[in-house]
Amino acid sequence: MIKIAFIILSLISIFSALMVISRKNPVASVLWLVFHFFGIAGLYVLLGAHFLAAVQIIVYAGAIMVLFLFVVMMLNLNLVNNEKRGKIIGKSIGAVVSGLVLVLFTYSIRTTKWNELFFNQVTDQEWGTAVKLGSLLFSNWLVPFQIVGILLFAAVIGVVALMKRKITRKVENGIVITQEEDVA
Amino acid sequence: MNSTIDILDQVNANLPTIILLSFALLMLLIDLFLPKRNHLFRSLLAIGSLCIVYLVVKLLLQEKTVYTYFFSLDSFSYFFHILFITVLVFTFLLSGPYFERTKIKFPETSLLLFFSTAGAMIMISANDLIVMFLGLELMSICLYVLAGMLRKRVQSNEGALKYFLLGAFSSGFLLYGITLFYGITGSTNYSEVNQWISQTSNKLSLTFWIGAGLILIGFFFKFASVPFHFWSPDAYEGAPTPITAFFSATPKAAAFGTFIKILIVAFPLVVSDFELILKIIAIATMGIGNFVALQQKSVKRMLAYSSISHAGYLMVALVVKSNLGYSSILLYLIVYSVTNLGAFTIAYLVNRKNEGSYSYEDYNGLATKYPVLAMFMALFMISLAGIPPTGGFFVKYYIFYSALKADQLLLAILMALFSAISVYYYLKVIVHMYMKPLPDSYETIKSDTHVTMGLIFSSLIIIIIGVAPSFWLTLTNRSVSNILINP
């Protein structure tokens, strides 16, 4: 049963990932990416990482993809011209290299004796629930967790620093004039 | 997972970082109430120097070392903390006129500099791959923003975007490597990884090597070593010049320091297997860095490529993998950071006409008009080229010596050869300053006391290390040999 679910979910993920990179319309790509995230979330559930699956759907498929869609629509990107899409030689080199990497990774993952390794020692069935994860984050991992907070704060400051503009509004003869200038 | 994790110990181990971060946040609040930028500038300096004093005292007293599961505070991390804060203070000292000229927002810039320094400090003191990665990201995210601070210049946007995309890419490699490691060893802790390796040393699986390889690639990106160097010249050129100086110092030092720590703590048993790949990349980095630097017409780009070639010299010492090699890397990082900070400063002082040209012709006749400035620049160039009375010579000599001692004859010879080539483009600046006539129309160079102070300090450091190199080498050697390994 689990095996069938696994196969279906992985097929969904792989297929939607392929669709993401092959669509010409960016909006279609973004929508396929949402599908992809759902497939991955299903795989997380199969692994027992319930909290991660929920976060995957709420944060990625929900919040981030909506942002993506907004940005894509607002930028109104032109469709990529078919003739200017790189040379065949470059493409084929890329394909060969990534194919070799795929073979290498598959081989190494197949040949590693995973059942001798630590995964079989994980006996706690509830390791992926919000309770377990939360108590870990706020006990052992407290300081690294705080560092993540600092990291996000730095990112916010960075965005503000890059985007900050001074906008002044004046009313002249009944017409509102807005002026933008960089804040020094 | 170790059950005896003490939060208080972890806080203790991060004390310097926490002090730095709290000062940065305090500055953010105080800045709201300050009318003029100048005040903030001075207070930042005061705080920076305060931190230095604090750390120096700690280092000298060897008062306390803290080891926890995630962090350790030993003389190795102290050394790098002091280096990072020194670079930070120098950046503030040397960047004043540039910020006046280009009207970059100073408060945010200084805050981001503080944050990325904190990230570098976390990276060095981390004992765990995940925590190291968090520090790396904290450092890099600030750097991506800093690279694009000159919003209206296309070059700056291009460099920042390239830096961001390739940096994110390399973080992906690193993270995937860490994941594979966690998959097979069951831990991301340096010493637990080492333990696992020692238990299964004769039958390491292919997955282990792929994980290790991906982690190496992640670091090679950060070193800007050759197949992975494409972001660096553009990012260096596009960034505001004082920030470029910061780029060439802190991130590179942090990457090399962390790499040394990982090699010593996590990979002592497999380090000899990395020798070949490190060797090839070291040679390629030295070669391409130097040959491309020869052809540059802009001094800023020349310095960018020269920093690639310096990464190559540092990688020679990584191949040697002896304590002598590692401690000469540490000493090299001091000299190289300080020299680059000084050189970039003079580059932006001299290039006052239009941002983005930085041609050699700007230096024509500098020695007749501004003899002191020319002297400083000559000193920095001589130090970068590695000519005797300066610190730059001795650090290169130590790396050369350690390579010879470890029977790496080929690397030693190539290193000497390439640094001989590098003399050409460094001395070209000196030739322009001393032997070319002064152009007819000459604008005055605007500087201030902070810059003068900073230049004097940096040349003093270079000369002091050049005069008494062995004392400094014993200091760095002590730092390297006292890395805490799971006591």
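The structure displayed is predicted, hence computed values, not measured ones. The residue numbers shown here count from 1 along each chain, following its written sequence. To read the labels, note that chains go from A and ligands from 1, taken in the order they are written. Two thresholds apply to this predicted model, a pLDDT of at least 70 for residue-level local features and 80 or more for giving and counting side-chain atom pairs, whereas whole-chain, interface and lining totals are computed over all residues. As a rule here, side-chain values come from all non-hydrogen atoms in the structure, and water together with hydrogens is ignored.

**Description of the overall build of chain A**
The helix count covers DSSP runs of H or I at least four residues long, the strand count covers runs of E at least two residues long, and both are numbered beginning at the N terminus. A tally of regular secondary structure across chain A gives 6 helices and 2 strands. For chain A, the N- to C-terminal ordering of α and β elements is α-α-α-α-α-α-β-β. Looking at chain A as a whole, 23% of its 184 residues qualify as buried. Shrake-Rupley sampling with a 1.4 Å probe provides the accessible areas, and residues are treated as covered by the protein chains on show and by no other component. With the model as given, the accessible surface of chain A reaches about 13500 Å², and the carbon-plus-sulfur share is 71%. Buried residues are those whose accessible area, probed at 1.4 Å on protein chains only, stays under 20% of the maximum for their type, while exposed residues exceed 50% and partly exposed ones sit between those limits.

**A short note on the overall build of chain B**
In terms of helices and strands, chain B carries 20 helices and 2 strands. Between the two quantities, the radius of gyration covers C-alpha atoms and the globule rule is 2.2 Å times the number of residues to the power 0.38. In terms of overall size, chain B behaves like a compact globule, its C-alpha atoms giving a radius of gyration of 22 Å where 487 residues would be expected to give roughly 23 Å. Dimensions of chain B, computed from C-alpha atoms along their principal axes, come out at roughly 75 × 55 × 45 Å. Counting only residues that meet the buried cut, chain B has 64% of its 487 residues in that class. We call two residues in contact when some of their heavy atoms are within 4.5 Å. Look at the contacts in chain B between residues 6 or more apart in sequence, and 82% of them connect residues 24 or more apart. In the structure as shown, chain B presents an accessible area of about 17100 Å², 68% of it carried by carbon and sulfur atoms. When charges are tallied, Lys and Arg are placed among the positive residues and Asp and Glu among the negative ones, while His and the ends of the chain are skipped. Just so you know, the charge point we use is NZ for Lys, CZ for Arg, CG for Asp and CD for Glu. In chain B, which carries 30 positive and 22 negative side-chain charges, the distance between the mean positions of the two groups comes to 7 Å.

**Comments concerning the nonpolar core**
By convention a nonpolar core is built from buried Ala, Val, Leu, Ile, Met, Phe, Trp, Tyr and Cys residues, the set being connected through side-chain atoms within 4.5 Å. Within the largest apolar cluster, 186 residues are counted, with the highest numbers of intra-cluster contacts made by F80(B), F115(B), F267(B) and L318(B). Examining the composition of this core, we find that 19 residues originate from one element, helix α14 (residues 323-350) of chain B, more than from any other. Residues contacting F80(B), with those up to four places away along its chain left out, are I124(B), A253(B), G257(B), L330(B) and L333(B). V20(A), L33(A), F37(A) and M65(A) belong to the second-largest nonpolar core, a separate cluster that totals 8 residues.

**Topic: the environment of R478(B)**
All names here are of chain B. Checked against the element boundaries, R478 lands in helix α20 (residues 469-481). Given the relative accessible area of 36%, R478 is considered partly exposed. Counting along the chain gives 155 residues from R478 to N323, while the straight-line C-alpha distance between them is 9.5 Å.

**Focus on the environment of F173(B)**
All names here are of chain B. The residue F173 is located in helix α7 (residues 154-185) in this model. Sequence separation of F173 and S447 is 274 residues, and the distance between their C-alpha atoms is 43 Å. Once residues within four sequence positions are removed from consideration, F173 is found in contact with L214, I217, G218 and F221.

**Thoughts on the interface of chain A and chain B**
Frequently, the measure chosen for interface size is the accessible area removed from exposure when the parts meet. Taken residue by residue, the interface counts 34 residues in chain A and 44 residues in chain B. Once two parts are joined, some of their accessible surface, as seen by a 1.4 Å probe, is lost; buried area is that loss totalled over both. For the pairing of chain A and chain B, the buried interface totals around 3400 Å² over both sides, and the portion due to carbon and sulfur atoms is 76%. A pairing counts as a salt bridge when a side-chain nitrogen of Lys or Arg comes within 4 Å of a carboxyl oxygen of Asp or Glu. Counting every contact that joins chain A to chain B gives 0 salt bridges. Any pair of N or O atoms that falls within 3.5 Å is considered a polar contact. Within protein, one atom must be able to donate a hydrogen and the other to accept it, and sequence-neighbouring residues count only if both atoms are side-chain atoms. The tally of links between chain A and chain B comes to 2 residue pairs in polar contact (both at pLDDT 80 or more).

**With respect to the side chain of S77(B)**
Within the secondary structure, S77(B) is located in helix α4 (residues 75-102). Given a relative accessible area of 0%, S77(B) falls into the buried group.

**Section: the pattern of salt bridges**
Residue and element names in this part refer to chain B. For the structure on display, the rule yields 5 salt bridges over all chains. Measuring nitrogen to oxygen at the nearest pair gives 2.6 Å for the salt bridge that ties R301 to E237. Of this pair, R301 sits in helix α13 (residues 299-320) while E237 is found in helix α10 (residues 231-238), placing the two residues 64 residues apart along the sequence. Assigned by exposure class, R301 and E237 land together as buried. Linked through salt bridges whose partners overlap, the residues forming this network are E158, K162, D234, E237 and R301.

**Focus on the packing of α14(B) against helix α17 (residues 391-405) of chain B**
Residue and element names in this part refer to chain B. With their axes 9 Å apart at the nearest point, α14 and α17 run at an angle of 160 degrees to one another. Taken together, the axes of α14 and α17 lie roughly antiparallel to each other. Judged by the sense of rotation from one axis to the other, the crossing of α14 with α17 is left-handed. Note on element contacts: α17 touches α14 through G391, G392, V395, K396, Y398, I399, Y401, S402 and K405, opposite L324, G325, S328, L331, Y332 and V335. Within the contact of α14 with α17, the residues separate by chemical class into 8 nonpolar, 5 polar and 2 charged. Structural elements are reduced to axes, namely lines fitted to C-alpha atoms, with helices fitted over the stretch in contact, and the angle between N-to-C directions of any two is expressed from 0 to 180 degrees. Every angle not falling under 35 degrees, over 145, or within 65 to 115 is termed oblique; those three ranges are roughly parallel, roughly antiparallel and roughly perpendicular. Should the near helix be turned anticlockwise from the far one by less than a right angle, the crossing is left-handed, and should it be turned clockwise, the crossing is right-handed. Following the grouping adopted for this structure description, the nonpolar residues are Ala, Val, Leu, Ile, Met, Phe, Trp, Tyr, Cys and Pro, the charged ones are Asp, Glu, Lys and Arg, and the polar ones are all others, Gly among them.

**What to know about the confidence of the model for chain B**
All names here are of chain B. Scored between 0 and 100, pLDDT is the confidence that the predictor attaches to each residue. Scored by pLDDT, chain B has a mean of 84; 91% of the residues are at 70 or more. When mean pLDDT is compared element by element in chain B, helix α6 (residues 129-147) scores highest at 92, while helix α3 (residues 37-61) scores lowest at 61. ipTM for the predicted complex: 0.86, alongside a pTM of 0.89.

**Examining the packing of aromatic side chains**
Residue and element names in this part refer to chain B. Pairing of aromatic rings covers Phe, Tyr and the six-membered ring of Trp, with a centre-to-centre limit of 6.5 Å; geometry is then stacked below 30 degrees between planes, edge-to-face above 60, and tilted otherwise. Evaluated as defined, the whole model comprises 42 aromatic pairs over all chains. Ring geometry for F220 against F223: centres 6.2 Å apart, planes inclined by 50 degrees, an arrangement best described as tilted. Taken together, the residues F220 and F223, both in helix α9 (residues 206-223) and 3 residues apart, mark about one turn of the helix. Each of the two residues, F220 as well as F223, counts as buried. For the ring pair Y332 and Y336, a centre distance of 6.5 Å and an interplane angle of 45 degrees mean the geometry is tilted. A residue pair is termed a helical-turn pair when its members lie 3 or 4 positions apart in one helix, as Y332 and Y336 do in helix α14 at 4 residues. Among the aromatic residues, those joined into a ring-pair cluster are F169, F173, F219, F220, F221, F223, F228, F256 and F259.

**Section: unusual backbone geometry**
Excluding glycine, most residues fall at negative phi; most peptide bonds, likewise, are trans. Phi at A224(B) is positive, roughly 60 degrees, even though this residue is not glycine. Residue A224(B) is classed as buried on the basis of its relative accessible area of 1%.

**Observations regarding the environment of G134(A)**
By secondary structure assignment, the location of G134(A) is in helix α5 (residues 130-137). For the pair G134(A) and F51(A), spaced 83 residues apart in sequence, the C-alpha separation works out to 9.7 Å.

**Quick notes on α13(B)**
Residue and element names in this part refer to chain B. For a helix, the expected span equals 1.5 Å multiplied by the number of residues minus one. Its 22 residues give α13 an end-to-end C-alpha distance of 32 Å, which sits within 8% of 32 Å, the value for a rise of 1.5 Å per residue. Most of α13 sits inside the fold, with 22 of its 22 residues counted as buried. Measuring from the backbone nitrogen of K300 back to the side-chain oxygen at the start of α13 gives 3.3 Å, which picks out S298 as the cap. Positive backbone phi, at 50 degrees, marks K321, one or two positions downstream of α13.

**Topic: a nonpolar patch on the surface**
Residue and element names in this part refer to chain A. Note that patches include only residues with greater than 30% relative accessible area and no salt bridge, and the join distances are 9 Å for like charges and 5 Å for nonpolar side chains (Val, Leu, Ile, Met, Phe, Trp, Tyr). On the surface, a nonpolar cluster with roughly 480 Å² of combined accessible area is contributed by I2, F6, I7, L11 and L46. Ranked by residue count, the leading element in the nonpolar patch is helix α1 (residues 2-22), at 4 residues. Residue placement: L11 occurs in helix α1. Here L11 falls in the exposed class, since its relative accessible area comes to 55%.

**Things to note about helix α11 (residues 241-265) of chain B**
All names here are of chain B. Over its 25 residues, α11 runs 36 Å from end to end, which matches the ideal 36 Å to within 8%, given 1.5 Å per residue. Values of bend correspond, residue by residue, to the angle between axes fitted over the seven residues ending at that residue and the seven starting there. At F247, α11 is bent by approximately 30 degrees, the largest bend along its length, and proline P251 sits one to four residues beyond. Across the 25 residues that make up α11, a large majority, 25, are buried.

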